[in-house]
Amino acid sequence: MPETLLTIGTYAFYNNAALTSITIPNSVTSIGQWAFAICASLTSVIVGKNVTSATGAFSSSNIKTVTFVDGLTLIAESMFSGTDIETIIIPDSVTEIKSSAFYDCQSLKKIVFGQNLLSIGSQAFYYTIKLNSIVAKSTVAPVIKSDTFQYTSRNGVLTHPINSDYSSWMQTNKHYLGYYDWTSQWPYTPQTYYDLSITAQDVIGNSTTTTISWTC
């Protein structure tokens, strides 16, 4: 799609059986409802940083991987509901995840929440029955609803930064993580695939030395 594109209309590629991947350019600010919904062969999506409206845009497609460009500020309502995503990495720029954003993602196993996330909407991760690992990078726990993680798996692990308080997520009433016997561990441990990376831009035409330090 061209970098001059601003909007993608409602149902634009709905039920397109041949489409396998899509890159939403940074120029796009609005994706119409159900624009890429029920695309049976669609497995890979890259979402540009300026999308602010995309209700149900990719729902019920067979998406396995999604990449959010850093700079994106929100993930829209029902945007990826009913997809096959296994791992979600939310960039630090995202401040809000709307309701039902990843509703009924039954293949989802791991989520990394960025440092600046403030709120996660109702049923955003409803019926994520295989989810067993959440890495939360914010020192202040984002606000969640009692049904944000309703019907997730049992005995998962929430990892969060040292000196942060995620007790609001670990309540044992209703459908908070504690209700499903999750444990809470800290401090946050950097994930090598996320925090420690070298890009082509770093090394092309250069002699590059990288030092990695860690503690156990």
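Before any of the text, the structure's been laid out above.
This report concerns the structure included in the present document. (Residues numbered from 1 in each chain as written. Predicted model: local features only at pLDDT ≥ 70, side-chain atom pairs only at ≥ 80, totals over all residues. Heavy atoms only, no water.)

## With respect to a nonpolar patch on the surface
Okay, step 1: Side chains of Tyr-11, Tyr-14 and Ile-38 sit close together on the surface and give an oily, nonpolar patch of about 290 Å² of accessible area.
Okay, step 2: Relative to the helices and strands, Ile-38 resides in the loop between strand E3 (30–31) and strand E4 (44–47). (Patch = residues over 30% accessible without salt bridge, like charges linked within 9 Å, V, L, I, M, F, W, Y side chains within 5 Å. Areas by Shrake-Rupley, 256 points an atom, 1.4 Å probe, with all protein chains shown as cover. Salt bridge = Lys/Arg side-chain N within 4 Å of Asp/Glu carboxyl O. Helix = DSSP H or I, 4+ residues; strand = E, 2+ residues; numbered from the N terminus.)

## Observations regarding the packing of aromatic side chains
Okay, step 1: According to the stated counting rule, one finds 15 aromatic pairs in the structure shown.
Okay, step 2: Note on Phe-113 and Trp-169: the rings are 5.9 Å apart at their centroids and 90° apart in plane angle, and the pair reads as edge-to-face. Of this pair, Phe-113 sits in strand E9 (residues 110–113) while Trp-169 sits in the loop between strand E12 (157–159) and strand E13 (183–185), and the two are 56 residues apart along the sequence. Comparing Phe-113 with Trp-169, the two get one shared label, buried.
Okay, step 3: Their ring planes at 80° and their centres at 5.1 Å tell us that Tyr-166 and Trp-169 sit as a pair that is edge-to-face. (Phe/Tyr/Trp six-rings, centres within 6.5 Å; stacked < 30°, edge-to-face > 60°. Buried < 20%, exposed > 50% of the residue type's maximum accessible area, 1.4 Å probe, protein only.)

## Section: unusual backbone geometry
Okay, step 1: Here the amide bond leading from Trp-186 into Pro-187 is cis, since omega sits at 5°, within 30 degrees of zero.
Okay, step 2: Take Pro-187: it is sitting in the loop between E13 and helix H1 (192–195).

## Structural notes on the sheet that holds strand E10 (residues 119–120)
Okay, step 1: Spatially, E6-E8-E10 is the arrangement adopted by the 3 strands of the open sheet, whose pairing is parallel. Edge strands, defined here as strands with exactly one partner in the open sheet, are strand E6 (74–75) and E10.
Okay, step 2: Inspection of the sheet shows strand E8 (residues 96–97) paired to E10 by 2 bridges, in the parallel sense. Across the sheet, the residue bridging to Glu-96 is Ser-119, located in E10. (Pairing = 2+ DSSP bridges.)

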